[in-house]
Amino acid sequence: MTNHISEGYQLITFGDEKEPVIVIDNFSSQFAALKLLTEQVDYSPVAGGYPGIRAPASPAYLRERQDVFAQILRQHYGYSFGADIQGMDYSIVTTQPAALSQAQRMPHYDDVTPDLLALLHYVNCPDDGGTAFYRHKATGYETISDERQDHYAKVLKEEMAQYGDFPEAYIDGDNARFEKIGEVQAKPNRMVIYRGRTLHSGCIRQGANFSADPKLGRVTVNIFMTDAR
């Protein structure tokens, strides 16, 4: 792991592929108002891979950090034209381990699109579980590109035949198929930025709080953006 602190943010790289992960603490000056808003919106279950409930969020509060965003996106992710937000939600992890799908029990990637960034703003962190990054042992992949995804899927299928189902749990550390290469701890008002193609997973600890009450549960703002070409 390498770690570099710049003005207003921290750059961390994990593993062999050295993908940039950005950490911005004390992200929003209006954090109390944001937290209150997450407690007032209506959440509902969502289709797809997210293990919980979500509500649409507004990007308005991101504007106060647009200068640091512009520097980060240009310098570390090669953005040239600004950013287009592809999705933004308030999110609460509510799915019990026994109810997880096989895909939800392993690290995942969001998309192979090279410029897709995932931004995770921690709001309520009762269990201190952050975000971990992984390497797939058999392939050595830490990111999944368009060129890699078919081979990766093939090897995963072969491993299912070899090892069987994943345990009824959120992944939290090494197993026969994956190796954890780094972790960013959760902290209220901390923003984390990474490419969506990285293999990653929320750190949902054993005995975690799965409350759907935003005052009690694990609440984040989840954002996806791409270069505005």
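Presented here is a report on the structure given in the accompanying data block. (Residues numbered from 1 in each chain as written. Predicted model: local features only at pLDDT ≥ 70, side-chain atom pairs only at ≥ 80, totals over all residues. Heavy atoms only, no water.)

1. Things to note about the pairing of strand β8 (residues 131-136)
Inference 1: Counting buried positions along β8 gives 6 out of 6 residues, so the element sits mostly inside the fold.
Inference 2: Burial along β8 is two-sided: Thr-131, Phe-133 and Arg-135 facing one way and Ala-132, Tyr-134 and His-136 facing the other are all buried.
Inference 3: Pairing analysis gives 6 bridges linking β8 to strand β9 (residues 178-184), with the strands arranged antiparallel. Pairing of Ala-132 across the sheet is with Glu-183, part of β9.
Inference 4: Inspection of the sheet shows β8 paired to strand β11 (residues 200-202) by 3 bridges, in the antiparallel sense. Within the sheet, the bridge partner assigned to Phe-133 lies in β11 and is His-200. (Buried < 20%, exposed > 50% of the residue type's maximum accessible area, 1.4 Å probe, protein only. Helix = DSSP H or I, 4+ residues; strand = E, 2+ residues; numbered from the N terminus. Pairing = 2+ DSSP bridges.)

2. Topic: the nonpolar core
Side chains that are nonpolar tend, in soluble globular proteins, to be buried together.
Inference 1: Among the nonpolar cores identified, the biggest contains 31 residues, and Tyr-61, Met-191, Ile-193 and Val-221 are the most heavily contacted of them.
Inference 2: Examining the composition of this core, we find that 5 residues originate from one element, helix α2 (residues 66-77), more than from any other.
Inference 3: Residue contacts for Ile-193: discarding those within four places in its chain leaves Pro-20, Val-21, Ile-22, Ile-24, Phe-69, Ile-72, Tyr-77, Leu-117, Ala-118 and Leu-119.
Inference 4: The next biggest cluster of nonpolar side chains, apart from the first, holds 14 residues, and it includes Ile-12, Val-23, Cys-125 and Val-184. (Core = buried A, V, L, I, M, F, W, Y, C linked by side-chain atoms within 4.5 Å. Contact = heavy atoms within 4.5 Å.)

3. Topic: the pattern of salt bridges
Opposite charge on two side chains permits them to pair, given that their charged atoms come into close proximity.
Inference 1: Evaluated as defined, the whole model comprises 12 salt bridges.
Inference 2: For Arg-197, the salt bridge goes to Glu-19, with nearest N and O atoms at 3.0 Å. Within this pair, whereas Arg-197 is found in the loop between β10 (191-195) and β11, its partner Glu-19 is found in strand β3 (residues 19-24), the two being separated by 178 residues in sequence.
Inference 3: The partner of Glu-183 in a salt bridge is Lys-180, and the shortest N-O contact between them spans 2.7 Å. (Salt bridge = Lys/Arg side-chain N within 4 Å of Asp/Glu carboxyl O.)

4. A look at the packing of aromatic side chains
Inference 1: Following the criterion strictly, the structure yields 8 aromatic pairs and no others.
Inference 2: Summarising the aromatic geometry, the rings of Tyr-109 and Tyr-152 are spaced 6.3 Å apart at their centres and angled 65° between planes, so their arrangement reads as edge-to-face. Residue Tyr-109 is located in the loop between β6 (83-93) and β7 (117-124), and its partner Tyr-152 is located in helix α3 (residues 149-163); the two are separated by 43 residues in the primary sequence.
Inference 3: Of the residues examined, Tyr-152 reaches a relative accessible area of 3% and is grouped as buried.
Inference 4: With a centroid separation of 6.5 Å and 50° between ring planes, the pair formed by Tyr-141 and Tyr-152 is classed as tilted. Of the two residues, Tyr-141 sits in the loop between β8 and α3 while Tyr-152 sits in helix α3, which places them 11 residues apart along the sequence.
Inference 5: An aromatic cluster is built from Phe-14, Phe-133 and Tyr-194, whose rings are joined through pairwise contacts.
Inference 6: The ring of Tyr-50 has Arg-54 sitting right over it, with the charged end atom 4.1 Å from the ring centre.
Inference 7: Above the ring of Phe-166, the side-chain terminus of Arg-177 is found at 3.8 Å from the ring centroid. (Phe/Tyr/Trp six-rings, centres within 6.5 Å; stacked < 30°, edge-to-face > 60°. Lys NZ or Arg CZ within 6 Å of the ring centre and 35° of its normal.)

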